[in-house]
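Commentary on secondary and tertiary structure
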Amino acid sequence: MAHSEADVLAGLAELVNEETGIAADLVQPEKSFTDDLDIDSISMMTIVVNAEDKFDVKIPDEEVTNLVTVKDAVDFIVGAQG
C-alpha cells in the first residue's frame, strides 16, 4: 500500500522521535537532519533502517547521503514505493 507524503512525514517524525527523543512536531519538511535536528550518522542509519521496514522500501546506502532534509527523505520514500 502506497503511503502519502503526509503519512510518510508523520511516520518519519515518529521514527526520529523514537531514535533521538526529538519532538515529532519539530520534524518538518524544510528541516535538515544534521544541521537543524542535530542527528548523527549512527542515528540516521537507524532511522533509515526503521523507515525501510515501516514503509517497505529500500534506501541504498549511497542514497542516504542525498537525504539532507526531511523533505528529501519523504520524497525518496514516496517515489520508492512499489
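Whatever comes next refers back to the structure up there.
Keep in mind it's a predicted model, so treat the numbers as computed, not measured.

**Side note on the overall build of the chain**
For the chain, the helix and strand inventory stands at four helices and zero strands. Secondary structure elements in the chain, listed N-terminal to C-terminal, are α-α-α-α. Scaling as 2.2 N^0.38, a compact globule of 82 residues should have a C-alpha radius of gyration of about 12 Å, and the chain matches this with 11 Å. In terms of overall dimensions, the chain has C-alpha extents of about 30 × 25 × 20 Å along its principal axes.

**What to know about the environment of Glu 5**
Turning to its location among the elements, Glu 5 is positioned in helix α1 (residues 5-20). With relative accessibility at 47%, the residue Glu 5 sits in the partly exposed group. Apart from residues no more than four positions distant in its own chain, Glu 5 is found in contact with Val 74, Asp 75 and Val 78.

**Some remarks on the layout of surface pockets**
By volume, the largest pocket amounts to about 170 Å³. As for the largest pocket, its lining consists of Phe 33, Thr 34, Ile 39, Asp 40, Ser 41, Met 44, Met 45, Val 64, Thr 65, Leu 67 and Val 68. The element best represented in the lining of the largest pocket is helix α2 (residues 41-55), accounting for three residues. The residue makeup of the lining of the largest pocket, split by class, is seven nonpolar, three polar and one charged.

**With respect to the side chain of Ser 32**
Along the chain, the position of Ser 32 falls in the loop between α1 and α2. Engagement of the side chain of Ser 32 in a polar contact is seen with the backbone nitrogen of Asp 35, the distance being 3.0 Å. Filtering out sequence-adjacent residues up to four positions away, Ser 32 remains in contact with Leu 37, Val 68 and Thr 69.

**Things to note about the side chain of Gln 81**
By the element assignment, Gln 81 lies in the segment after α4 (70-80). For Gln 81, a relative accessible area of 15% gives the class buried. One polar contact links the side chain of Gln 81 to the main-chain amide nitrogen of His 3, over a distance of 2.6 Å.

**Digging into the nonpolar core**
Core analysis: the biggest nonpolar cluster contains 23 residues, and Leu 12, Phe 33, Ile 39 and Ile 77 have the highest contact counts within it. Every residue in contact with Ile 77, bar those within four places of it in the chain, is listed here: Val 8, Leu 12, Ala 51, Phe 55, Val 57 and Ile 59.

Criteria and thresholds
Residue positions are given per chain, counting from 1 as you read along its sequence in written order. Only residues with pLDDT of at least 70 are given local features in this predicted model, and only at 80 or more are side-chain atom pairs given and counted; all residues enter the totals for whole chains, interfaces and linings. As a rule here, side-chain values come from all non-hydrogen atoms in the structure, and water together with hydrogens is ignored. What counts as a helix is a DSSP run of H or I of at least four residues, what counts as a strand is a run of E of at least two, and both are numbered from the N terminus. The globule rule used here is 2.2 Å times the number of residues to the 0.38 power, and the radius of gyration it is set against is calculated over C-alpha atoms. Burial classes follow relative accessibility: with a 1.4 Å probe on protein chains only, a residue under 20% of its type's maximum area counts as buried, one over 50% as exposed, and anything between as partly exposed. Residues are treated as being in contact if the distance between any of their heavy atoms lies within 4.5 Å. Of the grid points, spaced at 1 Å and generated over the protein atoms alone, those admitting a 1.4 Å probe that cannot get out make up cavities, while open sets with protein on both sides within 12 Å along at least five of seven lines make up pockets; any residue with an atom within 4 Å of a point is treated as lining. Grid points are joined across faces, edges and corners, and a volume is the space filled by probe spheres set on the points. Residues are grouped as follows: nonpolar covers Ala, Val, Leu, Ile, Met, Phe, Trp, Tyr, Cys and Pro; charged covers Asp, Glu, Lys and Arg; every other residue, Gly included, is treated as polar. N or O atoms within 3.5 Å of each other form a polar contact, as long as, within protein, one can give a hydrogen and the other can take it, and as long as residues adjacent in sequence are counted only when both atoms are side-chain atoms. Joining through side-chain atoms within 4.5 Å is the link that ties buried Ala, Val, Leu, Ile, Met, Phe, Trp, Tyr and Cys residues into a set, and such a set is a nonpolar core.

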